[in-house]
Amino acid sequence: MTSNPVTITVAFHVVPGREDEFHSWGWALLGASAREPGFMGGGVLVGGEAEWHVIYRFASEGAALAWENSTARAQLDTRAEVFARVTERRRVRGSKMWLDRQTATPAPPAPPSKWKLWFVNMSAVFPPVLLFNLTILPYLDGLNALFRTLLLCLCVTALVTWILMPRLQRFFRKWLYPPLQALRGRHKRRTA
């Protein structure tokens with residue numbers, strides 16, 4: 001193994017409905033590159049909706065260039081033009097950055113608007129406060145107002161924190177964070 005291997009990552013946009021063809025082609029490409037000197041491995045990865053990646057690694061820059069300039073590679077690329085097109089090509093030297101992304105990390109999703117948070121909080125707080133006032137507080141009339149209020153706050157806060165809010169946040173997740181759900185749901189729509 002040389003000290004300066006080269007990893008090439010090629011991103012492809014695959015025509016919808018032709019994913020199986022691309023998958024077979026990608027593994028055929030890797031099978032052909034495995035017969036070349038200096039080949040160290042590779043794989044075919046699924047990205048987003050129609051985004052796929054073929055990753056392969058060679059022991060040196062010369063071995064990688066020999067494969068990329070070969071007629072076998074050109075023939076395979078021509079065959080793929082029908083169902084895929086290259087959208088990005090990255091070349092990384094060395095072994096420590098094999099799959100390290102060199103682009104900026106995506107920005108975190110924006111927090112939900114205040115009125116949405118207010119609605120979810122009211123949905124979590126109002127029912128237990130009403131229930132507590134109707135069922136338990138009538139029996140605590142003789143208790144000091146400070147202790148009654150403390151007991152109400154302790155019980156309601158516990159119910160809201162550990163039982164109601166986690167369920168309501170899951171229930172309203174798509175409404176509170178629509179862009180995040182759009183990103184997370186892409187793979188589910190494609191496989192369905």
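As the structure is a computational prediction, the values presented were derived from the model and not from experiment. (Residues numbered from 1 in each chain as written. Predicted model: local features only at pLDDT ≥ 70, side-chain atom pairs only at ≥ 80, totals over all residues. Heavy atoms only, no water.)

## Here's the deal with the sheet that holds strand 3 (residues 51–58)
- Ordered by their spatial adjacency, four strands build an open sheet running 2-3-1-4, and the pairing between neighbours is antiparallel. The sheet terminates laterally at strand 2 (39–46) and strand 4 (84–93), the two strands that pair on one side only. Direction aside, the axes of adjacent strands within the sheet are offset by 15° on average.
- With respect to the sheet, helix 2 (residues 61–68) is in contact with strand 1 (6–14), strand 3 and strand 4, its orientation differing from that of strand 4 by roughly 165°. (Pairing = 2+ DSSP bridges. Helix = DSSP H or I, 4+ residues; strand = E, 2+ residues; numbered from the N terminus. Axes fitted to C-alpha atoms, helices over the stretch in contact; angles between N-to-C directions. Contact = heavy atoms within 4.5 Å.)

## Quick notes on a positive patch on the surface
- On the surface, a cluster of positive charge is contributed by Arg167, Arg170, Arg173 and Lys174.
- Looking at the positive patch, the elements that each hand over two or more residues are helix 5 (145–171) and helix 6 (173–176).
- Here Arg170 shows up in helix 5.
- Residue classification places Arg170 among the exposed positions, given a relative accessible area of 51%. (Patch = residues over 30% accessible without salt bridge, like charges linked within 9 Å, V, L, I, M, F, W, Y side chains within 5 Å. Areas by Shrake-Rupley, 256 points an atom, 1.4 Å probe, with all protein chains shown as cover. Salt bridge = Lys/Arg side-chain N within 4 Å of Asp/Glu carboxyl O. Lys, Arg positive; Asp, Glu negative; His and termini not counted. Charge placed at Lys NZ, Arg CZ, Asp CG, Glu CD. Buried < 20%, exposed > 50% of the residue type's maximum accessible area, 1.4 Å probe, protein only.)

## Considerations on the side chain of Ser33
- Its place among the elements puts Ser33 in helix 1 (residues 19–34).
- Given the relative accessible area of 0%, Ser33 is considered buried.
- Not counting residues up to four positions away in its chain, the partners in contact with Ser33 are Phe39, Phe58 and Trp67.

## Quick notes on the side chain of Arg73
- Structurally, Arg73 is set in helix 3 (residues 71–80).
- The class of Arg73 is buried, set by a relative accessible area of 2%.

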